[in-house]
Amino acid sequence: MEMNIQIPKYSKDNGFEFVWENNFTILAEKNEDSIVIKANKEGLLSLATQLLTLAQNEVPVDTHLHYDDFNSLEDGSCEIIIQKI
């Protein structure tokens, strides 16, 4: 399977651009020993695009993506922070 994804170009002036697919759904649950991320197709594509954007050489180390139920995750989700090292 081949898929084309448009990855936003990171720039120091504009910062990180979040791209969300229409009708995305992402739920994050914390269990005793793990974090479970549940997402529909649109949610998975959105996360994939953001991770690929974060992986760009131009993105500074320590840049992080912050997800919670106030800005992108379903109600009741645990917070997720992904940081570039």
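Located above this text is the structure these notes cover.
Calculation criteria
Residues numbered from 1 in each chain as written. Predicted model: local features only at pLDDT ≥ 70, side-chain atom pairs only at ≥ 80, totals over all residues. Heavy atoms only, no water. Helix = DSSP H or I, 4+ residues; strand = E, 2+ residues; numbered from the N terminus. Buried < 20%, exposed > 50% of the residue type's maximum accessible area, 1.4 Å probe, protein only. Areas by Shrake-Rupley, 256 points an atom, 1.4 Å probe, with all protein chains shown as cover. Lys, Arg positive; Asp, Glu negative; His and termini not counted. Charge placed at Lys NZ, Arg CZ, Asp CG, Glu CD. Polar contact = N/O pair within 3.5 Å; in protein donor to acceptor, adjacent residues only side chain to side chain. Contact = heavy atoms within 4.5 Å. Patch = residues over 30% accessible without salt bridge, like charges linked within 9 Å, V, L, I, M, F, W, Y side chains within 5 Å. Salt bridge = Lys/Arg side-chain N within 4 Å of Asp/Glu carboxyl O.

Enquirer: What's the story with the overall build of the protein chain in this structure? I'm lost.
Expert: Assigned secondary structure in the protein chain consists of 1 helix and 4 strands. Going from N to C terminus, the protein chain has its helices and strands arranged as β-β-α-β-β. Overall, the protein chain is about 35 × 30 × 25 Å in size when its C-alpha atoms are taken along their principal axes. In the protein chain, buried positions account for 29% of the 85 residues. Of the roughly 6200 Å² of accessible surface on the protein chain, 49% is carried by carbon and sulfur atoms. For the protein chain, the centre of its 6 positive side-chain charges and the centre of its 15 negative side-chain charges are spaced 7 Å apart.

Enquirer: Mind showing me how you'd approach the side chain of S46 here?
Expert: If you trace the backbone, S46 turns up in helix α1 (residues 41–54). Since its relative accessible area comes to 1%, S46 is described here as buried. Of note is the side chain of S46, whose polar atom sits 2.8 Å from the backbone oxygen of E42. With residues near it in sequence (within four places) discarded, S46 still touches V19, W20, E21 and F24.

Enquirer: Would you mind going over unusual backbone geometry with me for this structure?
Expert: Of all residues except glycine, most have a negative phi; of all peptide bonds, most are trans. Its identity as a non-glycine residue notwithstanding, N23 has a phi of 65 degrees, on the positive side. Here N23 lies in the segment before β1 (26–30). Given a relative accessible area of 66%, N23 falls into the exposed group. Residues other than glycine seldom take positive phi values, yet D62 does so here, at roughly 80 degrees. Relative to the helices and strands, D62 is located in the loop between α1 and β3 (64–67).

Enquirer: Hey, could you run me through a nonpolar patch on the surface in this one?
Expert: Judged by side-chain polarity, M1, M3, I5, I7 and L52 come together as a nonpolar surface patch covering roughly 510 Å² of accessible area. For I7, the position within the fold is in the segment before β1. A relative accessible area of 32% means that I7 is categorised as partly exposed.

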